[in-house]
Amino acid sequence: MSRTRVFLSLAAPLMIATSAFAAPASAETLKVVASFTVLADVVSQVGGSHVEVTSLVPPNGDPHEFEPTPTDAKHLKAAKVNFVSGIGLEGWMDRLVAASGFQGTSVTASDGVNTRSMEEDGQTVTDPHVWNSPVNVKVWVANIEKALSAADPADAADFKANAEAYQKKLDAMNAYAHSKFDTIAETQRKVLTSHDAFGYFGREYKVTFLAPVGISTETEASAANVAKLIEQIKAEKVKTYFFENSNDPRLVKQIAKATGAKAGGELYVEALSDGRGPASTYEKMFRYNVDQIAAAMAKSS
Ligand SMILES: [Zn+2]
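Given the structure is predicted, the values throughout are model-derived calculations rather than measurements.

### Side note on the overall build of the protein chain
Helix and strand counts for the protein chain come out as ten helices and ten strands. Within the span of the protein chain, comprising 301 residues, buried residues form 43% of the whole. Once local pairs closer than 6 in sequence are excluded, the contacts in the protein chain between residues at least 24 apart make up 64%.

Here it is as structure tokens:
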């Protein structure tokens, strides 16, 4: 037993030294930028040690409304690849790209996602919150792998291996959520949140989310819409509400008070927590949300 340990501890540093020597092209780290933390985490899962990822929007930040600083412009200029989710999420990005002098490749990670649209103020809009279903994040991973391999072909085999491992994780996360929700009666699968960010989650797990604010946090709820929502919550007997880590909770609390819905806690909708929080990676964020929502439904049934 002890002999094996000695052998391993000697062999490990040797292997690292050999591989670094054998592949000088991969010694340099590829600098990339991602628009927000959820995407940045998935990029770093695929990129592994070959890639240095900077998220422009910080943890707990709102990716719809963001005011880039000169430091963000500097990060972008130094990057070879700029990842956005797309579908109208990052309305601030084009200006930042133009102002920064970025010379690299821009990649829309959500290209190829089976999107959903919804009616908002009489207009049909496409829902940008694709990451709230791991099925869509599998599309992200495929696009990220392709883009990283094009920017750093020497490390393509590692990107492929990382992507395959992470795809398996996403399948397991999807199976986990189905195991939690599929046994709950569909009439019980209803919750109130701050803004319409769980459409893809709702589609995959047949959960109904009601929200006073539309799919972008830039819009404001009108008094008439709020009144209508309160009636709807009462009629559909929605018993739990959640607030969001990246949004002002006041409106949803006010609505909950008018309807008698109880607080279910905080959901991580479009921003990871910092390292000390419960949602410091996409996987943790998704599982945390699933647990919170399923627990609230179990309590109210
Ligand atoms: Zn949103």
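So, next bit.
### A word on the environment of Val 125
Secondary-structure assignment places Val 125 in strand 6 (residues 123–126). Residue classification places Val 125 among the partly exposed residues on the basis of 17 C-beta atoms within 10 Å. Distance in space between the C-alpha atoms of Val 125 and Ile 87 is 9.5 Å, their sequence separation being 38 residues.

### Section: helix 9 (residues 250–259)
Looking only at helix 9, the buried set comprises Val 252, Ile 255, Ala 256 and Thr 259. Buried positions in helix 9, seen along its axis, are confined to an arc of 100 degrees and lie on one side of it. Away from its buried face, by an angle of more than 90 degrees, helix 9 presents the exposed residues Arg 250 and Lys 257.

### Focus: the pairing of strand 10 (residues 262–267)
In this sheet, strand 10 lies alongside strand 9 (residues 240–244) in parallel orientation, the contact comprising five bridges. Looking at the pairing, Thr 240 lines up with Lys 262 of strand 10.

### Considering the nonpolar core
Counting residues in each nonpolar core, the largest one holds 73 residues, and the members touching the most others are Val 42, Val 43, Phe 83 and Ile 144. Both domains that meet at this core, namely domain 1 (26–175) and domain 2 (182–300), each give it at least three residues. Setting aside anything within four residues of it in sequence, one finds Phe 83 in contact with Val 32, Val 33, Ala 34, Ser 35, Leu 39, Val 43, Val 107, Ala 109 and Ile 144.

### Quick look at the sheet that holds strand 4 (residues 105–108)
Pairing within the open sheet is parallel, and its four strands lie in the order 2-1-3-4. Edge positions in the open sheet fall to strand 2 (51–55) and strand 4, since each of these has one partner strand only. The sheet shows a mean angle of 25 degrees between the axes of neighbouring strands, taken without regard to direction. Pairing analysis gives four bridges linking strand 3 (residues 81–84) to strand 4, with the strands arranged parallel. Pairing of Val 81 across the sheet is with Thr 105, part of strand 4.

### Observations concerning helix 3 (residues 70–78)
Along helix 3, the positions that sit buried rather than exposed are Asp 72, His 75 and Leu 76. Around the axis of helix 3, the buried residues are gathered within 95 degrees of arc, so they sit on the same side. Along helix 3, exposed side chains directed more than 90 degrees from the buried face belong to Pro 70 and Thr 71. Those residues of helix 3 that are buried are in contact with strand 1 (30–34), strand 2, strand 3 and helix 4 (93–100).

### Quick notes on unusual backbone geometry
Of note in the backbone geometry, Asn 60 takes a positive phi value of approximately 65 degrees without being a glycine. Residue Ile 87 is not a glycine yet carries a positive backbone phi of 55 degrees.

### Re the pairing of strand 5 (residues 117–120)
Two strands pair when backbone bridges link them, and strand 5 and strand 6 are joined in this way by four bridges, in the antiparallel orientation. Looking at strand 6, one finds that Glu 119 is bridged to Thr 124. Connecting strand 5 to the next strand, strand 6, in antiparallel fashion are two residues, including Asp 121 with a positive phi near 50 degrees.

### A closer look at the environment of Val 290
Looking at the secondary structure, you find Val 290 in helix 10 (residues 282–300). By C-beta crowding, Val 290 is classed as buried, having 20 other C-beta atoms within 10 Å. Along the chain, Val 290 and Leu 267 lie 23 residues apart, while their C-alpha atoms are 9.2 Å from each other. Those residues in contact with Val 290 that sit more than four places away from it in its chain are Tyr 176, Ala 177 and Lys 180.

Cut-offs and rules
- Residues numbered from 1 in each chain as written.
- Predicted model: local features only at pLDDT ≥ 70, side-chain atom pairs only at ≥ 80, totals over all residues.
- Helix = DSSP H or I, 4+ residues; strand = E, 2+ residues; numbered from the N terminus.
- Buried ≥ 20, exposed ≤ 12 C-beta atoms within 10 Å, placed from the backbone.
- Contact = placed C-beta atoms within 7 Å.
- Arc of directions from axis to C-beta.
- Pairing = 2+ DSSP bridges.
- Core = buried A, V, L, I, M, F, W, Y, C linked by C-beta atoms within 7 Å.
- Domains from an automatic or database assignment.
- Axes fitted to C-alpha atoms, helices over the stretch in contact; angles between N-to-C directions.

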